Amino acid sequence: MRRRHLLGSLLLAPLLTACFASQGGDADSSGDADSGSRLRVALAFPPAENLSPYGADATILSRLGVTEGLTALDANGDATPALARSWRRENDRTWLFTLREATFQDGSDVTPAAVAAALTHATEARPAPAALSGVTLTAEADGGTGVRVTTGAPDPVLPLRLSSPSLAVLSAKAYDGKDRVDPAGTATGPFELTKTVGSTSAALDRYDDYWGGRAQASGVDVRFIADGTARASALRTGETDIAEAVPVAQAATLDENTRKESATTRTTSLLLNAASGPFENPALRAAARRAVDSSALAQGVYEGHADPGAGVYGPAVTWAEGKRQQPRRVKAGDPDGARITLATYDNRPELPEAAQVLKQQLEKAGFRVTLEVREYSRLESDALKGRFDAVVLARNTLVDTGDPLAVLAGDYTCDGGFNIAQLCDQNVDRAVRKAETIADTGERQDAALAAEAAILGTDAVVPLVHQRVITGVGTSVSGVLLDPYERTLVGAGTRR
Amino acid sequence: MSALVWRAVLAAALVCGIGLLPWLTRTDPALTVLKARSADRDPGPAVLADIRAGLGLEKGPFALLGQWLGGLWRGDAGRSWLSGDEVAPAVLHALGVSLLLMAVALAVAAVTAALVCARTLWLGAHRRLDGRRAGGGGSAVLAALPEFLTASVLATVVGVQWGWLPALGWYGPQWTVLPALALGLPAGAVIGRLLDDLLPGAFAEPWALAAAARGLPGRRISRQAVRRCLPGLLPNLGLFVVGLTGGAVAVEQSFDIPGLGRTTLQAALAQDLPVLQAGTLALVLLAAVTAALAALATRWLVGPALRDGALPSLHRPSPPARRILPLVQGGLLIVVVALGLPRDPLALDTGERLRSPSRSHPFGTDALGRDVLARVAHGALDTLLLALAIGAVTLLTGVLLGLLPRLSGPLVDTVNAVPPVLLALLVTAVAGSGPATPALAVGVVAWAPLAAHTSALLRQERAALHVTATRGLGADRWYLLRHDLLPAVLPPVVRHALLRLPGIALALASLAFLGLGAQPPSPEWGLLLAENQPYAERAPWAVLAPAAVLALLGALAVSAAGGVAGGRRRRGRAGPRTPAAAATEAPAASRELVKTG
């Protein structure tokens, strides 16, 4: 009888261990002080597509310091050198990038041919990476260090575009597989992806021959924890060194000195349906705009972890400060009990709360408001079809390319693909189209702000708050890279 | 054999239903897949067309379904639409994790159930049960605890603040404790309640008296009593096993466990059909296996007695009704509602957010500065009425279908195995998103445990001696049903249904994120719990108040049910309640038949 128990437990043990998740990497081999210890990071969004570099997972790779592109974005939203040391515009459609000396994590050199091949692979991906939507692009090697990129139409923001994580440069080995691109050991960043466990965890090792110098941490153990409370708990129990995107509700549970706040390009706005319903009338839109008290939202709902809405672009877009133009607006009308539906989604817990505060503010002004709260993917198509009178939406205003005009063209012009406000205004379209043709950065920014003023003037969008992202960083950790574009987090200088 | 065919038909219908889901709800899978892959991506027509081409959506649902089924034959469950990974290994791994979690939770549930029944067992073993009131207020409170609340409290207090056990992840045995507690406590409380309900009947049976007279130790009598009652519970235990395996979403999320519940939830939202089909099929298979095991166990426990019709009836000698307790509980509930009703549940003031209880806000305020007492009171009526209405309908359906075990058995298992979100999506697909849909989506699952309970009790009751006697006197099936079977089966099932009332209220709220059910700022109780959960640590009162009234409702339902059922029994069968009287009940019923017939 006893023997059978023993046999049973012997058989059971491997079965049981198979039912547990394996811990990312060899967490205990954290090395001596010289070589630096491993960092433990809790990320919010689990990889959805096996860390494919062409979708949203590309951001994960970029945040962890695995992949790099030809260019990067600096704090002001300008393109700065990454794998390309410099670049110049040869003519309207052609740019020449000069590469720096670097090696891939598989040991091969970063050659112009390899870079051109990587970019070509990106253009052939289906669906196309977001940074390349609506753009045709060819890349070819030019001499020993040059890569010539030619676009189908003149593209003044190409260096910004190439900073997108989805246009990361990988070695030829990454593209060997038939159905997927493999970033493990084929990228150029300071850390090399060595192991992934489904969408649960991943392990990175330091890449010693990184062109920017050897990283301080010997490796990174990443856990993907979708639940915000759970991420905050992980930091509080010391199970992780860095916890990404701590929800506002949990911020107060963290120690003051572990809470790092940074402005983001995400703006939460109230979008008013300008094509049908009560808000077809500009005077009512103006009434709604006047009813909204955005500082009450920033303080009351976001507990001060957000800035009151100033425009489409927030304080993270540093160049917009001081250059902003005052929009010309119509006089507010009397809502007279107009019935409206206000929709939002619950993927971010603050949005339903913000919507409830808005409901009260709008009702005080004379509207009658019904709320509709759903999961985002159940809401979006109805919102795009204009089924709601108003939508509260958080939107990244420097989407994918880092070009400030992309969001204006996509969200507020007649042909815009994401025009939830259903806005179709000649002035707006003209202003956006004019700005899109300008190549000079400063002038382009001025024109973008003029277009922003035209859009705000229609009152189809009421900026509510500009969110700050709260990153939980353990007290012993230094060198975390917090940027408003949410593209970096761990870099060569990050250590604990 | 026919049961097997019926089971297969149900599973096939389910898989086909999932395969057609996007086309029935008219929700483009290309869009949901895109949003699950990358929420910020604009859904331009070119992008959607590329995804459609990549997934082969143009071929239409039937071709896709055929392709998937063809692959299934070879053990290939296709590739995930989301990640492109092979589905079978991923789903099997998640299933393994969930089964382990469920096994530990079941152990916790067993201990909880034992604790709930301990008093009855002890009293019964010492022959002191007569005239004692059944306990159970505590277990009803425990059964009404929402899993997500227990989970977050355990994770925060035990895991983070005390640091006794790891609160996050799934790396070894010590990681299983807290999630298993969160799942096992309410489940154990329900099972314990049901067992506690049957035990006095078993102790009142002649064999127990004989055993006691012969000097058998009380422990052995108790063990036999539990064994005697288990068959009535096994089907429900099976339902719990399957339900916990696939439906532990909240617990998996708060403890970051890569289980099947989360996998299917994500797949359901993204309409990742291959994963959804494979996950559901695995759960339905698990349900079938569990049901078969439960049947085997029943046969092993009481098989010969069932076959020979030699079971005494499990009539519980009715305890003196509790007159005071339900009044106290009901009174408390009424006082809370009465105090809160004059207050405004919607007036928000963000300057007053998360205030702790004070004179001006007896229950504190929530994250938007609203008075929690007002919200609890104003939500009471809606919550109670809706939960009661759904509860009544599910009770009726459950009992009716429970009378037809051959038809309902496989149906119960299948319905119970399907993750609730998926079921809600399927119901929405069929019924549209009208006002009745959330009630329908909840009701479509809630009847299952009641039907299982009815069937199990009925099976035993049919084998009882007095039924044989009545049949021998020429009673037809209707007479038997009305005068012998239903009166015996109904009271425990009604008490069971009442025990599940708080669960119905919670289930309603869990559908809100699909745009079904109550929408903010409505103060519906389930919604109150959900919206205050993120603040559970900073403002515990905002979740504790609705949780407490929900628990109070559970306790009230149970204690009031005891009174109701007891009252009816007394009217039917007068006389002192002694085991001897219980044993002579059957002839009394037969005499009645002779008189009326």
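Residues numbered from 1 in each chain as written. Chains lettered and ligands numbered in written order. Predicted model: local features only at pLDDT ≥ 70, side-chain atom pairs only at ≥ 80, totals over all residues. Heavy atoms only, no water.

### Here's the deal with the interface of chain A and chain B
One frequently used descriptor of interface size is the decrease in accessible area upon assembly of the parts. Let me state the cut-off plainly: By definition in these notes, contact holds between two residues if any of their heavy atoms fall within 4.5 Å. The salt bridge definition used is simple: a Lys or Arg side-chain nitrogen within 4 Å of an Asp or Glu carboxyl oxygen. Any N or O atom pair separated by 3.5 Å or less is treated as a polar contact, with the protein-specific requirement of one donor-capable and one acceptor-capable atom, and with residues adjacent in sequence counted only for side-chain atom pairs. By definition, any uninterrupted DSSP run of H or I lasting at least four residues is a helix, any uninterrupted run of E lasting at least two residues is a strand, and each is numbered from the N terminus. The nonpolar class holds Ala, Val, Leu, Ile, Met, Phe, Trp, Tyr, Cys and Pro. Asp, Glu, Lys and Arg form the charged class, and all remaining residues, Gly among them, are polar.
With 59 residues of chain A at the contact, the number on the chain B side is 63 residues. In this structure, the connection of chain A to chain B is made through seven salt bridges. Among the salt bridges present, the one from R126 of chain A reaches D50 of chain B, with a minimum N-O distance of 4.0 Å. Taken together, chain A and chain B are joined by 17 residue pairs in polar contact (both at pLDDT 80 or more). Tallying contributions element by element places helix α10 (residues 376-384) of chain A first for the side of chain A that touches chain B, with six residues. Looking at side-chain class alone, the side of chain A that touches chain B contains 26 nonpolar, 15 polar and 18 charged residues.

### Here's the deal with the sheet that holds strand β4 (residues 84-91) of chain A
Residue and element names in this part refer to chain A. Applicable threshold: When DSSP locates at least two bridges between a pair of strands, those strands are taken to pair. Whenever a helix is involved, its axis is fitted only over the stretch in contact; in every case the axis is a line through C-alpha atoms, and angles between N-to-C directions fall within 0 to 180 degrees.
Ordered by their spatial adjacency, four strands build an open sheet running β4-β5-β7-β6, and the pairing between neighbours is antiparallel. Sheet topology places β4 and β6 (137-142) at the edges, where each strand pairs with a single neighbour. The average undirected angle you get between the axes of adjacent strands in this sheet is 20°. Summarising the sheet, strand β5 (residues 94-99) and strand β7 (residues 146-151) pair through five bridges and their orientation is antiparallel. Across the sheet, T94 pairs through a bridge with T150, a residue of β7. The strands that helix α3 (residues 112-124) touches are β5, β6 and β7; relative to β6, the one it contacts most, it runs at about 170°.

### Overview of the nonpolar core
Test applied: We call a set of buried residues a nonpolar core when its members are Ala, Val, Leu, Ile, Met, Phe, Trp, Tyr or Cys and they connect through side-chain atoms within 4.5 Å of each other. We call a residue buried when its accessible area falls under 20% of the maximum for its residue type, exposed when it is over 50%, and partly exposed in between, using a 1.4 Å probe and counting protein chains only.
L270, Y313, L342, F367 and L408 of chain A are the most contacted members of the largest nonpolar core, which has 75 residues in total. Aside from chain neighbours lying at most four places away, what touches F367 of chain A is F279, L284, A287, A288, P335, A338, I340 and L362 of chain A. Grouped together as the second largest cluster of nonpolar side chains are 73 residues, L423, L425, A441 and A451 of chain B included.

### Thoughts on unusual backbone geometry
Residue P127 of chain A follows R126 of chain A across a cis peptide bond; omega there is -10°. Topologically, P127 of chain A is positioned in the loop between α3 and β6. For the bond from P520 of chain B to P521 of chain B, the omega torsion is 5°, close enough to zero to count as cis. Position of P521 of chain B among the secondary structure elements: in the loop between α21 (501-510) and α22 (525-532).

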